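Chain residues, written in single-letter form:
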Amino acid sequence: MRSAPPPVGGPPTDDGADDAVAQAMRAVDRRGFLPRAQRAAASRDRPLPIGHEQTCSQPSTVAAMLALLRVPRGGSVLDVGSGSGWTTALLAHLVGPGGEVLGVELVPEIAAWGAANLARQETPWATIVPATSDTLGSPREAGWQRILVSASPDELPPELVDQLAPGGRMVIPVRHAMLLVERSVDGTVRTSEHGTYSFVPLVQG
(Lines give C-alpha, C1' and ligand atoms only; values in the text may rest on other atoms or scores of the structure.)
Protein backbone atom coordinates (compact mmCIF):
# COMPACT_ATOMS: atom_id res chain seq x y z
CA MET A 1 0.00 0.00 0.00
CA ARG A 2 1.18 3.48 -0.81
CA SER A 3 0.33 5.38 2.31
CA ALA A 4 -0.23 8.85 3.67
CA PRO A 5 0.84 11.32 6.32
CA PRO A 6 -1.74 11.98 9.06
CA PRO A 7 -5.13 13.10 7.76
CA VAL A 8 -6.69 16.50 8.30
CA GLY A 9 -10.29 15.87 9.26
CA GLY A 10 -12.00 12.62 8.34
CA PRO A 11 -15.14 11.09 6.93
CA PRO A 12 -18.31 10.75 8.99
CA THR A 13 -19.31 7.11 9.38
CA ASP A 14 -22.15 5.13 10.92
CA ASP A 15 -21.81 3.21 14.17
CA GLY A 16 -22.36 -0.20 12.55
CA ALA A 17 -19.55 0.31 10.06
CA ASP A 18 -17.27 1.65 12.79
CA ASP A 19 -17.95 -1.39 15.00
CA ALA A 20 -17.27 -3.87 12.22
CA VAL A 21 -14.03 -2.14 11.29
CA ALA A 22 -12.90 -1.96 14.92
CA GLN A 23 -13.49 -5.70 15.28
CA ALA A 24 -11.52 -6.39 12.11
CA MET A 25 -8.61 -4.28 13.27
CA ARG A 26 -8.51 -6.09 16.60
CA ALA A 27 -8.60 -9.44 14.81
CA VAL A 28 -5.87 -8.71 12.22
CA ASP A 29 -2.58 -7.83 13.88
CA ARG A 30 -0.68 -5.16 11.95
CA ARG A 31 2.64 -6.58 13.19
CA GLY A 32 2.25 -9.57 10.90
CA PHE A 33 2.34 -7.24 7.90
CA LEU A 34 5.46 -5.27 8.76
CA PRO A 35 9.19 -5.87 8.27
CA ARG A 36 10.81 -7.18 11.43
CA ALA A 37 12.50 -3.83 12.11
CA GLN A 38 9.14 -2.02 12.16
CA ARG A 39 7.09 -4.44 14.26
CA ALA A 40 7.79 -2.71 17.59
CA ALA A 41 6.05 0.38 16.17
CA ALA A 42 2.97 -1.51 14.93
CA SER A 43 0.61 0.11 17.45
CA ARG A 44 1.66 3.66 16.56
CA ASP A 45 -0.81 5.67 14.52
CA ARG A 46 1.51 6.53 11.68
CA PRO A 47 2.66 5.09 8.34
CA LEU A 48 5.55 2.63 8.59
CA PRO A 49 8.01 1.86 5.78
CA ILE A 50 7.88 -1.56 4.12
CA GLY A 51 10.50 -1.02 1.41
CA HIS A 52 10.46 0.06 -2.22
CA GLU A 53 9.40 3.57 -1.09
CA GLN A 54 6.09 2.17 0.17
CA THR A 55 4.50 2.17 3.60
CA CYS A 56 1.86 0.41 5.63
CA SER A 57 -0.78 3.09 6.20
CA GLN A 58 -1.56 4.50 9.62
CA PRO A 59 -4.40 2.71 11.41
CA SER A 60 -6.69 5.74 11.79
CA THR A 61 -6.61 6.41 8.04
CA VAL A 62 -7.31 2.77 7.23
CA ALA A 63 -10.17 2.63 9.73
CA ALA A 64 -11.77 5.77 8.30
CA MET A 65 -11.57 4.45 4.74
CA LEU A 66 -12.98 1.03 5.64
CA ALA A 67 -15.85 2.51 7.64
CA LEU A 68 -16.75 4.75 4.72
CA LEU A 69 -16.56 1.76 2.33
CA ARG A 70 -19.21 -0.15 4.36
CA VAL A 71 -18.01 -3.58 3.32
CA PRO A 72 -20.89 -6.12 3.29
CA ARG A 73 -20.62 -9.68 4.52
CA GLY A 74 -20.29 -11.96 1.53
CA GLY A 75 -19.32 -9.07 -0.72
CA SER A 76 -16.73 -8.81 -3.49
CA VAL A 77 -13.92 -6.29 -2.93
CA LEU A 78 -11.00 -5.06 -5.02
CA ASP A 79 -8.02 -3.69 -3.05
CA VAL A 80 -5.92 -1.46 -5.33
CA GLY A 81 -2.41 -1.00 -3.96
CA SER A 82 -2.53 -3.88 -1.49
CA GLY A 83 1.09 -3.44 -0.35
CA SER A 84 1.93 -5.49 2.72
CA GLY A 85 -1.45 -7.24 2.57
CA TRP A 86 -2.82 -5.68 5.75
CA THR A 87 -5.79 -3.96 4.13
CA THR A 88 -6.54 -7.08 2.09
CA ALA A 89 -6.60 -9.13 5.29
CA LEU A 90 -8.87 -6.58 6.97
CA LEU A 91 -11.22 -6.70 3.99
CA ALA A 92 -11.19 -10.51 4.13
CA HIS A 93 -12.27 -10.36 7.75
CA LEU A 94 -15.07 -7.93 6.88
CA VAL A 95 -16.52 -9.97 4.00
CA GLY A 96 -16.14 -13.34 5.73
CA PRO A 97 -15.80 -16.77 4.08
CA GLY A 98 -18.74 -16.14 1.77
CA GLY A 99 -17.02 -13.14 0.19
CA GLU A 100 -14.17 -12.50 -2.21
CA VAL A 101 -11.25 -10.07 -1.94
CA LEU A 102 -8.61 -9.46 -4.60
CA GLY A 103 -5.57 -7.32 -3.84
CA VAL A 104 -3.45 -5.97 -6.69
CA GLU A 105 0.02 -4.51 -6.19
CA LEU A 106 2.27 -2.99 -8.84
CA VAL A 107 5.67 -3.78 -7.24
CA PRO A 108 6.27 -7.52 -7.80
CA GLU A 109 8.45 -7.98 -4.72
CA ILE A 110 5.89 -6.28 -2.49
CA ALA A 111 3.06 -8.26 -4.10
CA ALA A 112 4.85 -11.55 -3.33
CA TRP A 113 5.59 -10.52 0.26
CA GLY A 114 2.04 -9.27 0.80
CA ALA A 115 0.65 -12.53 -0.57
CA ALA A 116 2.83 -14.49 1.87
CA ASN A 117 1.66 -12.31 4.77
CA LEU A 118 -1.96 -12.81 3.73
CA ALA A 119 -1.55 -16.58 3.41
CA ARG A 120 -0.74 -16.81 7.13
CA GLN A 121 -4.22 -15.46 7.90
CA GLU A 122 -5.85 -18.59 6.45
CA THR A 123 -8.49 -16.67 4.52
CA PRO A 124 -8.54 -18.49 1.15
CA TRP A 125 -11.32 -16.23 -0.11
CA ALA A 126 -8.73 -13.41 -0.31
CA THR A 127 -5.74 -13.28 -2.66
CA ILE A 128 -3.06 -10.83 -3.76
CA VAL A 129 -1.63 -10.79 -7.28
CA PRO A 130 0.85 -8.55 -9.10
CA ALA A 131 -0.85 -5.73 -10.99
CA THR A 132 -0.31 -5.56 -14.74
CA SER A 133 1.37 -2.40 -15.97
CA ASP A 134 -1.27 -1.72 -18.63
CA THR A 135 -4.37 -2.24 -16.45
CA LEU A 136 -5.56 -0.25 -13.45
CA GLY A 137 -7.51 -2.42 -11.05
CA SER A 138 -8.89 -5.76 -12.22
CA PRO A 139 -11.86 -5.56 -14.59
CA ARG A 140 -14.43 -8.34 -14.49
CA GLU A 141 -17.84 -8.77 -16.06
CA ALA A 142 -19.90 -8.56 -12.86
CA GLY A 143 -17.91 -5.66 -11.45
CA TRP A 144 -16.87 -5.25 -7.80
CA GLN A 145 -19.26 -4.40 -5.00
CA ARG A 146 -16.53 -2.44 -3.24
CA ILE A 147 -13.20 -0.93 -4.35
CA LEU A 148 -10.56 0.44 -1.97
CA VAL A 149 -7.73 2.56 -3.41
CA SER A 150 -4.78 3.48 -1.21
CA ALA A 151 -2.94 6.08 -3.31
CA SER A 152 -4.00 9.31 -4.95
CA PRO A 153 -4.47 9.99 -8.67
CA ASP A 154 -4.80 13.56 -9.96
CA GLU A 155 -8.27 12.77 -11.27
CA LEU A 156 -10.86 10.10 -10.59
CA PRO A 157 -9.89 7.18 -12.89
CA PRO A 158 -12.85 6.29 -15.14
CA GLU A 159 -11.55 2.75 -15.56
CA LEU A 160 -12.00 2.13 -11.81
CA VAL A 161 -15.45 3.70 -11.82
CA ASP A 162 -16.35 1.32 -14.66
CA GLN A 163 -15.30 -1.63 -12.47
CA LEU A 164 -17.92 -0.81 -9.82
CA ALA A 165 -20.95 -3.10 -9.81
CA PRO A 166 -24.43 -1.54 -9.66
CA GLY A 167 -25.01 -0.55 -6.03
CA GLY A 168 -21.24 -0.49 -5.46
CA ARG A 169 -19.04 1.91 -3.48
CA MET A 170 -15.43 2.99 -4.00
CA VAL A 171 -13.26 4.95 -1.57
CA ILE A 172 -10.35 6.73 -3.21
CA PRO A 173 -8.22 9.77 -2.37
CA VAL A 174 -8.08 12.21 -5.29
CA ARG A 175 -5.59 15.01 -4.76
CA HIS A 176 -6.34 15.98 -1.15
CA ALA A 177 -9.98 14.89 -0.97
CA MET A 178 -11.22 11.49 0.18
CA LEU A 179 -13.93 10.57 -2.30
CA LEU A 180 -16.79 8.16 -1.94
CA VAL A 181 -17.95 7.01 -5.37
CA GLU A 182 -21.35 5.32 -5.50
CA ARG A 183 -22.92 3.61 -8.51
CA SER A 184 -26.70 3.27 -8.26
CA VAL A 185 -28.57 0.22 -9.50
CA ASP A 186 -29.49 2.14 -12.67
CA GLY A 187 -25.83 2.97 -13.33
CA THR A 188 -25.84 6.59 -12.17
CA VAL A 189 -22.56 7.59 -10.51
CA ARG A 190 -22.42 10.00 -7.58
CA THR A 191 -19.31 11.30 -5.80
CA SER A 192 -19.00 12.99 -2.43
CA GLU A 193 -16.05 14.31 -0.40
CA HIS A 194 -15.32 13.05 3.10
CA GLY A 195 -12.38 14.83 4.65
CA THR A 196 -8.97 16.10 3.61
CA TYR A 197 -6.05 13.69 3.52
CA SER A 198 -2.57 13.62 2.02
CA PHE A 199 -1.57 10.53 0.02
CA VAL A 200 1.35 9.71 -2.22
CA PRO A 201 0.56 9.54 -5.96
CA LEU A 202 -1.09 6.53 -7.54
CA VAL A 203 1.39 4.88 -9.88
CA GLN A 204 -0.21 3.54 -13.04
CA GLY A 205 2.22 1.31 -14.89
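Keep in mind that this is a model prediction, so the values were computed, not measured. (Residues numbered from 1 in each chain as written. Predicted model: local features only at pLDDT ≥ 70, side-chain atom pairs only at ≥ 80, totals over all residues. Heavy atoms only, no water.)

*Asks:* I'd like to hear about the nonpolar core, residue by residue, with values.
*Replies:* Residues Leu66, Leu91 and Val171 are the most contacted members of the largest nonpolar core, which totals 39 residues. Once residues lying within four places of it in the same chain are set aside, the contact partners of Leu66 are Val21, Val71, Leu90, Leu91, Leu94 and Leu148. Of all hydrophobic cores here, the second largest spans 19 residues; its members include Leu78, Ala151, Leu160 and Met170. (Core = buried A, V, L, I, M, F, W, Y, C linked by side-chain atoms within 4.5 Å. Buried < 20%, exposed > 50% of the residue type's maximum accessible area, 1.4 Å probe, protein only. Contact = heavy atoms within 4.5 Å.)

*Asks:* A description of the sheet that holds strand β3 (residues 76-80) should follow, citing residues and the corresponding values.
*Replies:* On the basis of which strands lie adjacent, the open sheet formed by 7 strands has the order β5-β4-β3-β6-β7-β8-β9 and mixed pairing. A strand with exactly one partner marks an edge of an open sheet, and here the two such strands are β5 (126-130) and β9 (189-196). Strand after strand, the sheet turns through a mean of 15 degrees between neighbouring axes, direction not considered. In terms of strand pairing, β3 meets strand β6 (residues 144-149) through 4 bridges, oriented parallel. Bridge pairing in β6 links Asp79 to Leu148. Helix α3 (residues 86-95) contacts β3, β4 (100-105), β5 and β6 of the sheet and is inclined by roughly 170 degrees relative to β4. (Pairing = 2+ DSSP bridges. Helix = DSSP H or I, 4+ residues; strand = E, 2+ residues; numbered from the N terminus. Axes fitted to C-alpha atoms, helices over the stretch in contact; angles between N-to-C directions.)

*Asks:* Describe the confidence of the model for the protein chain, and please don't skip the residues or the numbers.
*Replies:* Chain-level statistics for the protein chain give a pLDDT mean of 91 and a share of 92% at 70 or above. The low-confidence segment residues 1-13, where pLDDT is below 50, has 63 contacts with residues more than four positions distant or belonging to other chains. (pLDDT = per-residue confidence, 0-100.)

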